[in-house]
Amino acid sequence: MDDTKLEPGSDFRIQTATWRDLINLHKLEKACFERDAWPIWDILGVLTFSNIIRLKAEIGQEMVGFIGVDLRISQAHAWIVTFGVLPAYQRQGIGTTLLETCEKKIYLPKIKLSVRRSNTPALALYKNFGYQEVEVWPNYYQGKEDALVLEKTRVPGV
Ligand SMILES: CC(C)(COP(=O)(O)OP(=O)(O)OC[C@H]1O[C@@H](n2cnc3c(N)ncnc32)[C@H](O)[C@@H]1OP(=O)(O)O)[C@@H](O)C(=O)NCCC(=O)NCCS
């Protein structure tokens, strides 16, 4: 993978993703998650089902990041179902912008997600955003790694 850095002026932009992003999101999932990458049918679902917030970060025509959030209205919370930035573009603020933009669109009182216990970068980011550990799902992921369930309670109007 190239050691790509964003140049000044080569700013990324955040847009709503559509089914036309199927192939690019499939590639991004494989690059970001390796063994946890979703199969193509799940990716099609996150790009087409209702009550999903789906945002992509793009540079030129390239999708460099994506976040998908399931609005579970009957349970009064939103669930971050997938969130990744291509390795070559990580640690440059794209994940922060995706999560910030997404949170502003969520009108439910809680936001939740699960994350591998060893995923230090993601845990640091979520902690910065005020997410707190509320549950552990033992052996949840492939390789029998625990999932930490994190949650953030929204302050109305913020
Ligand atoms: C988690 C992820 C989306 C973050 O995206 P990103 O664009 O790199 O995030 P940002 O550049 O906005 O970083 C924001 C903060 O996250 C934390 N962070 C990000 N990468 C980190 C790393 N490699 N090590 C430690 N902390 C890290 C830092 O606190 C960082 O703030 P700082 O740069 O001011 O110190 C990205 O690392 C990723 O795609 N990982 C693989 C997929 C994944 O694990 N997704 C989450 C599943 S729950």
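Refer to the structure presented above.
Quantities reported herein were computed from a predicted structural model and do not represent experimental measurements.

Okay, the site of the ligand next. Residues in close proximity to the ligand total 21 residues, the closest being Phe83, Val85, Arg91, Thr96 and Asn119. For the ligand, an oxygen atom lies 2.8 Å from a polar atom in the backbone of valine 85. Side-chain polar atom of asparagine 128 to an oxygen atom of the ligand: 3.1 Å apart, as the coordinates give it. For the ligand, whose unbound accessible area comes to 920 Å², protein coverage reaches 75%. Placement of the ligand is best described as lying within the largest pocket. Secondary structure elements with two or more residues in the shell around the ligand: α1 (22-33), β4 (77-85), α3 (94-105), β5 (110-116) and α4 (120-128). Top element by residues in the shell around the ligand is α4. It accounts for 6 residues. A class-by-class count of the residues in the shell around the ligand yields 11 nonpolar, 9 polar and 1 charged.

It is worth spelling out the packing of α1 against helix α2 (residues 40-48) at this point. Viewed as axis vectors pointing N to C, α1 and α2 meet at an angle of 120°, and their least axial separation amounts to 10 Å. As the angle between them shows, α1 and α2 are arranged oblique. Once α1 is placed against α2, the crossing between them reads as right-handed. On α2, the residues touching Leu22, Leu25, His26 and Glu29 of α1 are Ile40, Ile43, Leu44, Val46 and Leu47. A class-by-class count of the residues in the contact of α1 with α2 yields 7 nonpolar, 1 polar and 1 charged.

What counts, and at which threshold
- Residues numbered from 1 in each chain as written.
- Predicted model: local features only at pLDDT ≥ 70, side-chain atom pairs only at ≥ 80, totals over all residues.
- Heavy atoms only, no water.
- Near = heavy atom within 4 Å.
- Polar contact = N/O pair within 3.5 Å; in protein donor to acceptor, adjacent residues only side chain to side chain.
- Areas by Shrake-Rupley, 256 points an atom, 1.4 Å probe, with all protein chains shown as cover.
- 1 Å grid on protein atoms, 1.4 Å probe; cavity = no way out; pocket = protein on both sides within 12 Å on 5 of 7 lines; lining within 4 Å.
- Sits in = over half its atoms within 2 Å of the grid points.
- Helix = DSSP H or I, 4+ residues; strand = E, 2+ residues; numbered from the N terminus.
- Nonpolar A, V, L, I, M, F, W, Y, C, P; charged D, E, K, R; others polar.
- Axes fitted to C-alpha atoms, helices over the stretch in contact; angles between N-to-C directions.
- Parallel < 35°, antiparallel > 145°, perpendicular 65-115°, else oblique.
- Left-handed = near helix turned anticlockwise from the far one by under 90°.
- Contact = heavy atoms within 4.5 Å.

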